[in-house]
Structures are given as structure tokens and as C-alpha cells.
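Residue strings, one per chain:
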Amino acid sequence: MPDAAVFKVSSRDALPSGAAGNLSTPRLARGSAEFARAGKNRLRFRRFCVILRMCCGRRASAQYPQTHSGAAMNKIRLSPARLIALGFFAVILAGAVLLTLPVASHGGVRFLDALFTSTSATCVTGLIVRDTFTGWTTFGQVVILLLIQLGGLGFMTVITLVSFALGKKLGLYDRKVLMQSAGSITFSGIGSLIRVVPFSFAFELTGAALLCIRFVPEFGWGRGVYFSVFHAISAFCNAGFDLMGARAPFSSLTAYSGDALVTLTISALIIIGGLGFVVWRDLVHCRFRFSRLQLHTRLVLTVTGILLGGGTLLFLLFERGAALDGLRPGERLLSAFFLAVTPRTAGFNTVDMARLSESGNLLTNVLMLIGGSPGSTAGGIKTTTVAVLLLSAFASGRGSTRVHAFRYSIDRDTIRQASSILLVYLSMAAAAIMAICCFDPIALKAAMFEVNSAIATVGLSLGATPTLSDASHIVLILLMYAGRIGGLTFVLLFAQRGSEPPLDRPSGKLLIG
């Protein structure tokens, strides 16, 4: 190593005479040899790590060199968002295949209709192209019910429960996927989040028991219990599928507009399912003490209360001469409350939605877009997104650069993400409305209602969905799929994430507003 020797000698010459006398040529040679051995040891260690990865089965493919096995693995492993999207797509496709079987439908069904129904059930939407009771056999209805349950809980949650039952533990990657699928905030709450799942079955069974009080005397024991379980699961998962075609096709719960037991039971299941698993866990952990709750739970409960209370009062005002006309005061209040609940991505209706006034129709569209809460069975842009955007607007109006809520500060990344989500949903909805109006001779009001119902996974309809063309049905399928996995996630699936430049660009001034 001549260069190292020259460097050592020159460094020795540069030292003071007293210090230089303490160094010798053998010591310099010994240091050079130790440096060379250290380099060889590092190289050997790197080779050992590569061999260890290969022995542990981490090598991605034989086409990659040995030294790039880790990089190859990273390229093959999907991101959590793409894995969740791929999982939902696989469930939808499997459900569509099952629904195309002759035993699943009366008189056969086209694959596109089966795909639409499977997407609507898995994405817990509720839009249908054929009545669930008259168009599908008991086998087909059970398939739809299983898709609703799987879509409501999330397929990753079901997979995790099976893994726990088999005694397997979750790795870091599995926890990250489950955290994004269930809407959890931290890794630490994943275990307790899974333990909340049995409570969801308890809510569904309780709701089914209450509905049996009304349905068993009316339909008999067999059909009454079956109807009760089906509607309880559909309501809790915010799906909106019903079997009331036994009375009249596409009638939903209009026969029970004045029935407090059915209306309040379905409403309670919708609200509980729309709060989210994270909220339940926090409520139980803090023993329902509002002052001890997390910021997320406080915002969810506050916005939910405002939307339910404000929506009920507005529907009473708007629909007194329209959809609620002719009802007794008690039935009118009950129907107005249900009108405020069901657009929160549930899809049931106790009044004819086509009779809504213009104001009521617009209010329903707004409530549908807002939807439920993150990590729940509901869709939409979510209550916390709306809360963050409103708080940011109020802070800007006061001239403040910081956004606060319940003595907490909301970071700028959260505000930026909320703005992105709103823009993505509005852009997709606008594009879909224009596409459907282009494909079918449909009024703008009806097209906007069906599109918002699909992208927010609501399921309410003005009756136009079964009459639309195949092209419009494909548009609605894509909207339901995007609404279930998240509009922003759906867009990012097709985006290639690039590395940011290592320097900041100069800031430019713009006029806004």
C-alpha cells in the first residue's frame, strides 16, 4: 500500500519533533496491516450476510445477483395499500364467480351484473341492479351476506383472526398492513383492535334479536330469524342490502317508516358501525369519559352528533311538504332522523327517495359525501377530514397559522392530506357524473345522486341504477371500489413514487381567492 505509506510518513513529518520521535516505521507497517485486515473482515461479513439471506429463503429470484437479494425482495413485496387493494379485488372476483353459478340466481345472471353485485356487497355499498330477494336464491343471498361481512370487517382483519387461531404471530409488515386496513393510528393498538372484533358480532346478534321481535311474527320463525340476521349484519356493516323484496321489489324499509323498533334498531347499528373500531377501543379504554379520549375520538363523536342532530332538524324543515308529507308527528320525527342517519353510507330508506325536495336531495348528497369515520365500515371522505378542513378554514379566517382542536395542535401534513382527499373525491365524482350523462340519457340530478352514493359506498338510489347501461355500471363499479379502499389510495395505486430532489426550489408567490 504505497499511498498509505507515503501518507503516514508525510503525516509524521508534519508532527512536532517530540511527537514524531514516538513513531516508528514498524508501527506504521503494523497499522497498515490492521487496516487491510479490517477491510477484508468487512467484506467477509457482507458476504456472510448475503449467504444468510439466501439460506433463510429471502432471496427474491434467481435472476438477481446475490448482492442484490434484499433489493429484489423490496421490489417484489407490495406496499400495504396495494396489498389491501389487491385483496379486495380478489374477494370481489371470487364473489362474482360464485354469483354466476346457476344455483345463485333465479333464471341466470350476466357476469357484469354478478360483478356489480359482488362489488357492491364487498365494498358495503348497497347499490343493486336486481332485487336481492327476488333476483337471488338463498345461496346467492348467503354469498352476498358473507361478502358484506368480509367487506365490513376488512379481509385483512379476517386473515389476522385466522392467523391468531392457528397460533401465528404478526410481523412488522403484517402489522403495518393491518394498521392501514383497520384505520389504526399506532402499531401498539393492533392487538387490542383485533379483540374488538368479537364485540362487532355481539352488536350484530343483539340487533338481530331485537329485529326478531318484529320479523318473526310477520314472516314466521325460519324466515323471520333469517331476515333479522341478514338486516342486522347489513346495517352494522353499513351495506344497505335488504330482503324486503318479499313485500315489494326495491322497497327497502318503507313499510316500517313508523315502526320505532325497526327504525331505531337499524339506526343504532348504522351509527355504531360508522364510528370505527378505533373509537370503540378508546371509549372502552377511557370508560366513556370524554375528557380522557383521544383527539380522534373526540372529533368523531362531535362531528357525528352535529351531523345527526343538524340533519334531523334540516330534514324536518325541508321535507315537511315533500317526502314527510302526510305522516303523523311521531312518524315524521322518526323518518327525519332516519334520513339523517342512512346517508352516512348505510343505504336503507324508510321513505321514497325520489320524493325528496331539491333541498333535501342536496342535503342527502352532502351527507353521503361526508360519510362515516376512519377505520369503520362506512365510506365517504370521513368526518375527521371534514373537521380538519373546517378548523383549517376557521384558523385562516382568524389569521392564525396553527390549527387547534380540543387543546391539541393539528400538524400540516394532516391538513394537506385532508385537502388532497377532498379534491380527489370531488374530481372523481365530477368525472363520473359527466361520463354517465354521456353514456345514458339521465338527468344531472339523478346522475349526481347515483355517483355520490357509489363513491361514498352509501347505496341510496333514486331508482336509476338498474336502468343504466353497461358502461355506466362499470363506472359505478370503479367508484365503489375506489370508495372502499379510499379515493386517495386508489389514485396512488397507479402513481409511481419518485425520489424528491435533494434541494429546495425557490418559493413563488401566487394570488389565491
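Each remark here, short or long, concerns the structure printed above.
Since the structure is predicted, the reported quantities are computational estimates derived from the model, not experimental observations.

**Some thoughts on the overall build of the protein chain**
Now for step 1: Assigned secondary structure in the protein chain consists of 23 helices and 2 strands.
Now for step 2: In the protein chain, which comprises 513 residues, the share counted as buried stands at 47%.
Now for step 3: Across the protein chain, every contact between residues at least 6 apart in sequence was considered, and the portion connecting residues at least 24 apart equals 68%.
Now for step 4: When the accessible surface of the protein chain is split by element, carbon and sulfur atoms take 64% of a total near 26,200 Å².

**A short note on the environment of Asp470**
Now for step 1: Mapped onto the secondary structure, Asp470 falls in helix α22 (residues 470-485).
Now for step 2: Between the C-alpha atoms of Asp470 and Asp440, which are 30 residues apart in sequence, the distance is 9.8 Å.
Now for step 3: When neighbours within four sequence positions are excluded, Asp470 is seen to be in contact with Arg110 and Leu112.
Now for step 4: A polar contact of 2.9 Å, which involves the side chain of Asp470, links it to the side chain of Arg110.

**A short note on the packing of aromatic side chains**
The description of an aromatic ring pair uses the distance of the two centres, along with the angle that the planes make with each other.
Now for step 1: Counting across every chain of the model gives 10 aromatic pairs.
Now for step 2: Note on Phe219 and Phe227: the rings are 4.9 Å apart at their centroids and 50° apart in plane angle, and the pair reads as tilted. Accessibility assignment for this pair places Phe219 and Phe227 in one class, buried.
Now for step 3: Each ring, one from Phe290 and one from Phe406, has its centre 5.8 Å from the other, and the planes form 70°; the classification is edge-to-face.

**Observations concerning the packing of helix α20 (residues 412-439) against helix α21 (residues 444-455)**
Now for step 1: It is the contact of α20 with α21, at a shortest axis distance of 9 Å, that shows an interaxial angle of 135°. The orientation of α20 with respect to α21, classified from their angle, is oblique. With respect to the hand of their crossing, α20 and α21 are arranged in right-handed fashion. Judged by residue contacts, Tyr425, Met428, Ala429, Ala432, Ile433, Ile436 and Cys437 of α20 engage Leu444, Ala447, Met448, Val451, Asn452 and Ile455 from α21.

**As for helix α19 (residues 383-397)**
Now for step 1: Spanning 15 residues, α19 covers 21 Å between terminal C-alpha atoms, matching the ideal 21 Å at 1.5 Å per step.
Now for step 2: Within α19, burial applies to Thr383, Thr384, Thr385, Val386, Ala387, Val388, Leu389, Ser392 and Ala395.
Now for step 3: On its buried side, α19 packs onto α16 (295-318), α18 (358-370), β1 (403-405), β2 (408-410) and α20.
Now for step 4: Downstream of α19 by one or two residues, Gly399 has phi in the positive range, about 80°.

**Observations concerning α22**
Now for step 1: Its 16 residues give α22 an end-to-end C-alpha distance of 23 Å, which sits within 8% of 22 Å, the value for a rise of 1.5 Å per residue.
Now for step 2: Of all 16 residues making up α22, 12 are buried, and the element is well covered by its neighbours.
Now for step 3: Regarding α22, the residues found buried are Ser472, His473, Val475, Leu476, Ile477, Leu479, Met480, Tyr481, Ala482, Gly483, Arg484 and Ile485.
Now for step 4: Looking one or two places after α22, you find Gly486, whose phi comes out positive at around 105°.

**Some details on the pattern of salt bridges**
Now for step 1: A complete count under the given rule lists 7 salt bridges for this structure.
Now for step 2: Note that Asp113 is salt-bridged to Arg110, the shortest N-O span being 3.2 Å.
Now for step 3: A relative accessible area of 13% places Asp113 in the buried class.
Now for step 4: A salt bridge links Glu358 to Lys445, with the nearest nitrogen and oxygen atoms 3.3 Å apart. A residue pair is termed long-range when its members are at least 10 positions apart, and Glu358 in helix α18 and Lys445 in helix α21 qualify at 87 residues.
Now for step 5: Among the residues examined, Lys445 registers a relative accessible area of 30% and is labelled partly exposed.
Now for step 6: Salt bridges here are not isolated pairs; linked through shared partners, they connect Arg110, Asp113 and Asp470.

**Quick word on the side chain of Thr385**
Now for step 1: Mapped onto the fold, Thr385 is located in helix α19.
Now for step 2: Here Ile381 takes part through its backbone oxygen, which lies 2.7 Å from a polar atom of the side chain of Thr385.

**Focus: the environment of Pro249**
Now for step 1: Tracing the backbone through its elements, the reader meets Pro249 in the loop between α13 (221-236) and α14 (260-275).
Now for step 2: With a relative accessible area of 48%, Pro249 lands in the partly exposed category.
Now for step 3: Placed 116 residues apart in sequence, Pro249 and Phe133 show a C-alpha to C-alpha distance of 7.8 Å.
Now for step 4: Contact partners of Pro249, with chain neighbours within four places excluded, come to Asp131 and Thr134.

**Brief notes about unusual backbone geometry**
Now for step 1: Positive phi, normally seen in glycine, also occurs at Val124, with a value near 45°.
Now for step 2: By secondary structure assignment, the location of Val124 is in the loop between α6 (111-122) and α7 (132-135).
Now for step 3: Taking relative accessible area as the criterion, Val124 reaches 0% and is therefore assigned buried.
Now for step 4: Of note, the phi angle at Phe406 is positive, near 55°, even though the residue is not glycine.
Now for step 5: Within the fold, Phe406 resides in the loop between β1 and β2.
Now for step 6: For Phe406, a relative accessible area of 32% gives the class partly exposed.

**Considerations on a nonpolar patch on the surface**
Now for step 1: A cluster of nonpolar side chains, Leu86, Phe89, Leu93, Val97 and Phe111, forms an exposed patch at the surface whose accessible area comes to about 460 Å².
Now for step 2: Ranked by the residues each element gives to the nonpolar patch, the list is headed by helix α5 (residues 80-99), at 4 residues.
Now for step 3: Positionally, Leu93 belongs in helix α5.

Rules of the game
- Residues numbered from 1 in each chain as written.
- Predicted model: local features only at pLDDT ≥ 70, side-chain atom pairs only at ≥ 80, totals over all residues.
- Heavy atoms only, no water.
- Helix = DSSP H or I, 4+ residues; strand = E, 2+ residues; numbered from the N terminus.
- Buried < 20%, exposed > 50% of the residue type's maximum accessible area, 1.4 Å probe, protein only.
- Contact = heavy atoms within 4.5 Å.
- Areas by Shrake-Rupley, 256 points an atom, 1.4 Å probe, with all protein chains shown as cover.
- Polar contact = N/O pair within 3.5 Å; in protein donor to acceptor, adjacent residues only side chain to side chain.
- Phe/Tyr/Trp six-rings, centres within 6.5 Å; stacked < 30°, edge-to-face > 60°.
- Axes fitted to C-alpha atoms, helices over the stretch in contact; angles between N-to-C directions.
- Parallel < 35°, antiparallel > 145°, perpendicular 65-115°, else oblique.
- Left-handed = near helix turned anticlockwise from the far one by under 90°.
- Expected span 1.5 Å × (residues − 1).
- Salt bridge = Lys/Arg side-chain N within 4 Å of Asp/Glu carboxyl O.
- Patch = residues over 30% accessible without salt bridge, like charges linked within 9 Å, V, L, I, M, F, W, Y side chains within 5 Å.

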